[in-house]
Structure formats: structure tokens, C-alpha cells
Amino acid sequence: MSDQAANPVFQIQRVYLKDASLEQPNSPAILLEQEQPTVDIQLGVEATPVAEGMFEVAVTATVQTKVKDRTVFLVEAKQAGIFEIRNIPEEQMGPIMGIACPQIVYPYLRGNVADLITRAGFPPVHLAEINFQAMYEQQQQAQVEGQAPSTLLPQ
């Protein structure tokens, strides 16, 4: 039994849509606009311990389209996963939470965001593929430079 206790464990327990909202504050008038809307997409990653060896990792997307300064639609969605992570060296936990877990959760988020926008009556917005490793490394660099507290690394 003691041999198994030291084996590294990395398992997905479940992936779920934790939060989703859609707003069309200026419909129907704005739908008659001929001008092409601008699209702004923001992404975020957060990791939270939920129990011994269990973590929730969530990826949030905010997609806002505007014509001039008026919102056409705003979609916010948070896709989360529960991961069992045990017996992993401390220095590997940050990259697992900031890169490996988001890479698993993100495709579900992409599908749900495109689906929500389509159901709202718009052509789907497909979120681009994300290089979570580059995103994680940028966050780490920003922390070193600004000494900001980390949301990804266990302290």
C-alpha cells in the first residue's frame, strides 16, 4: 500500500459549465445596424483547492461585440473542471494548474461560447486556440517583475 501512496495522480473527475450569461442590451434596434461590430475577448484562469488532493480549475471567457460604443452582445462563460492531483512535486503544481488543466477545460468553453452566441441569433464566435504555456509564463514573469500575488501557484 505504501508503494501506491507515492505514485503521482492526475485525473479529471468532471468538467462542467459553471456559469454562463448572455446580454443583448440594445436589441432589437442595434440588429439593424449595417456597420461591422468590433469583438473584444478576455480570458482568465483560476485554480482553487476544493478538498485534499482535489482542485477546481476554471477558464473564463468574456466576449463583447460593439457597434460604435453600443454593445451588440456580451457573453460571459466559466468552464470548470475538478482534478485529482496527488503526489506531484510542489514545483510542478503551478504548471499543472496553469497549463495542463486549462488545456483540458478550454475546448469545452470554446464550444459552449460558440453555441450560446449562435442561440442568441448571431454567427458563432470561435475563440482562438490558446497557448496556455505562453500565458502562464507571461503571468509568472509579471509576478516576478511586479511581485503580484499569484492566483495559480499554491503559496
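Residues numbered from 1 in each chain as written. Predicted model: local features only at pLDDT ≥ 70, side-chain atom pairs only at ≥ 80, totals over all residues. Heavy atoms only, no water.

Q: Would you mind showing me how to read the overall build of the protein chain here?
A: When helices and strands are counted, the protein chain shows 3 helices and 4 strands. When the helices and strands of the protein chain are listed from N to C terminus, the series reads α-β-β-β-β-α-α. In terms of overall size, the protein chain is more extended than a compact globule, its C-alpha atoms giving a radius of gyration of 19 Å where 155 residues would be expected to give roughly 15 Å. By principal-axis analysis of the C-alpha atoms, the protein chain measures approximately 65 × 35 × 20 Å. The buried share among the 155 residues of the protein chain stands at 34%. Considering only residue pairs separated by 6 or more positions, the protein chain has 68% of its internal contacts joining residues 24 or more positions apart. As displayed, the protein chain has an accessible area near 9,300 Å², and 51% of this comes from carbon and sulfur atoms. Averaging the locations of the 9 positively and 18 negatively charged side chains of the protein chain gives two centres separated by 9 Å. (Helix = DSSP H or I, 4+ residues; strand = E, 2+ residues; numbered from the N terminus. Rg over C-alpha atoms; globule rule 2.2 N^0.38 Å. Buried < 20%, exposed > 50% of the residue type's maximum accessible area, 1.4 Å probe, protein only. Contact = heavy atoms within 4.5 Å. Areas by Shrake-Rupley, 256 points an atom, 1.4 Å probe, with all protein chains shown as cover. Lys, Arg positive; Asp, Glu negative; His and termini not counted. Charge placed at Lys NZ, Arg CZ, Asp CG, Glu CD.)

Q: Where do I start with the environment of glycine 94 in this structure?
A: Looking at the element boundaries, glycine 94 is found in helix H2 (residues 90–119). Taking C-alpha positions, glycine 94 is 24 Å from aspartate 19, a pair spaced 75 residues apart along the chain.

Q: What's the story with the environment of tyrosine 16 in this structure? I'm lost.
A: Structurally, tyrosine 16 is set in strand S1 (residues 9–23). Residues tyrosine 16 and methionine 97 lie 81 residues apart in sequence; the distance between their C-alpha atoms is 17 Å. Once you skip the residues sitting within four places of it in the chain, tyrosine 16 turns out to touch Glu56, Lys78, Gln79, Ala80, Gly81 and Ile82.

Q: It is not clear to me how the nonpolar core should be interpreted in this structure. Could you clarify?
A: Ranked by internal contacts, the top residues of the largest apolar core, which has 33 residues, are Val63, Phe73, Ile85, Leu109, Val113 and Ile117. Secondary-structure elements contributing two or more residues to this core are strand S2 (38–51), strand S3 (54–67), strand S4 (70–86), H2 and helix H3 (132–146). Among the elements that make up this core, the one with the highest residue count is H2 (10 residues). (Core = buried A, V, L, I, M, F, W, Y, C linked by side-chain atoms within 4.5 Å.)

Q: What exactly am I supposed to notice about the layout of surface pockets here?
A: Rolled over the atoms, a probe as big as a water molecule pinpoints where empty space is left. Of the volumes computed, that of the largest pocket is approximately 170 Å³. Together, Leu31, Gln36, Pro37, Val39, Thr65, Val72, Phe73, Phe122, Pro123 and Val125 line the largest pocket. In the lining of the largest pocket, the residues fall into 8 nonpolar, 2 polar and no charged. (1 Å grid on protein atoms, 1.4 Å probe; cavity = no way out; pocket = protein on both sides within 12 Å on 5 of 7 lines; lining within 4 Å. Points joined across faces, edges and corners; volume = space filled by probe spheres on them. Nonpolar A, V, L, I, M, F, W, Y, C, P; charged D, E, K, R; others polar.)

Q: Help me understand the sheet that holds S1, please; the structure alone is not making it clear to me.
A: Sheets are built from strands paired through backbone hydrogen bonds, the pairs being either parallel or antiparallel. What the 4 strands build is an open sheet, ordered S1-S4-S3-S2; its pairing is antiparallel. Looking along the sheet, the strands with just one partner apiece sit at the ends: S1 and S2. Averaged over all adjacent pairs, the angle separating strand axes in this sheet is 15°, with direction ignored. Of the pairings in the sheet, the one linking S2 to S3 comprises 13 bridges and is antiparallel in character. The partner of alanine 47 across the bridge, within S3, is valine 57. (Pairing = 2+ DSSP bridges. Axes fitted to C-alpha atoms, helices over the stretch in contact; angles between N-to-C directions.)

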